[in-house]
Structure formats: C-alpha cells, structure tokens
Amino acid sequence: MSYKKTFITLFISFCIVSLFFIGCVKDEPISKEITITTNSDDALKLFIEGRDMSEKLKFPQAAVMFDKAIALDKDFAMAYLYRAGSGGVIK
C-alpha cells in the first residue's frame, strides 16, 4: 500500500512540475523570410530586380543585376548566392 501512495505522490508531483515547465515555454513565431543583409540601398534595389528577373526565368538579365549589386557591396552574400544560381561566370 505504501508503494502505491509513493507512486501516486511522485506521479502528481511530476505532473505539476511538467505543467510548470510547459507554461514557461515562450512560443515565438517562426519567420519564413530570409533576411537580406547589405549596407547599400542601391545594391539591395539591384538585388531585388535581379531576384525578380530570376523568378521570371530571365537568368542572363538577372546575372547582370546580381553582378552590379556585388560590385556595390563585396560582402553581399545573398547576391553571390543568387548570382551562382543564375549561371554563367561571375565577373
């Protein structure tokens, strides 16, 4: 009989502690957007134009826009990524 009371006490304690921790979890929305990081507004505009052309399957024109964005900001990683996806050789 004492094992049953001990088990019930432990089970109830576990449930209370579990509910406490579940209540402490903060639900944060998951962002489905990728942050575009550049210090140049002009490079960002060129990147967006290139991305739009790429989505329309105009890869040669998109590559030109990405090259121009890269020329304005050599650290613009997203422009390099999209440029690689548009084909050709980076100038």
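Placed above this text is the structure.
Heads up: these notes are all about the structure in this document. (Residues numbered from 1 in each chain as written. Predicted model: local features only at pLDDT ≥ 70, side-chain atom pairs only at ≥ 80, totals over all residues. Heavy atoms only, no water.)

## Let's talk about a nonpolar patch on the surface
- On the surface, a nonpolar cluster with roughly 390 Å² of combined accessible area is contributed by I8, F11, I12 and I16.
- Looking at the secondary structure, you find I12 in helix α1 (residues 2-24).
- For I12, a relative accessible area of 45% puts it in the partly exposed group. (Patch = residues over 30% accessible without salt bridge, like charges linked within 9 Å, V, L, I, M, F, W, Y side chains within 5 Å. Areas by Shrake-Rupley, 256 points an atom, 1.4 Å probe, with all protein chains shown as cover. Salt bridge = Lys/Arg side-chain N within 4 Å of Asp/Glu carboxyl O. Helix = DSSP H or I, 4+ residues; strand = E, 2+ residues; numbered from the N terminus. Buried < 20%, exposed > 50% of the residue type's maximum accessible area, 1.4 Å probe, protein only.)

## Points about the pattern of salt bridges
- In total, this model carries one salt bridge according to the counting rule given.
- For R83, the salt bridge identified is with D67, shortest N-O distance 2.8 Å. In this pair, R83 sits in helix α4 (residues 77-85) while D67 sits in helix α3 (residues 59-72), placing the two residues 16 residues apart along the sequence. The pair R83 / D67 is uniform in exposure class, with both members buried.

## Some points on the nonpolar core
- Grouped together as the largest cluster of nonpolar side chains are 11 residues: A43, L46, F47, A62, M65, F66, A69, I70, F76, M78 and A79.
- For this core, the secondary structure elements donating two or more residues are α2 (41-55), α3 and α4.
- It is α3 that provides the largest number of residues to this core, a total of five residues.
- Excluding residues within four positions of it along the chain, F76 makes contact with I36, T37, T38, A43, L44, F47 and A69. (Core = buried A, V, L, I, M, F, W, Y, C linked by side-chain atoms within 4.5 Å. Contact = heavy atoms within 4.5 Å.)

## Observations concerning the side chain of S54
- Here S54 shows up in helix α2.
- The buried category is assigned to S54, whose relative accessible area is 15%.
- Beyond its immediate chain neighbours, meaning those up to four positions away, S54 contacts F59 and A62.

## With respect to α4
- Residues of α4 that are buried: M78, A79 and R83. Across the axial projection of α4, the buried residues extend over an arc of 135°, all falling on one side. Exposed and facing more than 90 degrees away from the buried side of α4 are A77, L81, A84 and G85.
- Elements in contact with the buried residues of α4: α2 and α3. (Arc of directions from axis to C-beta.)

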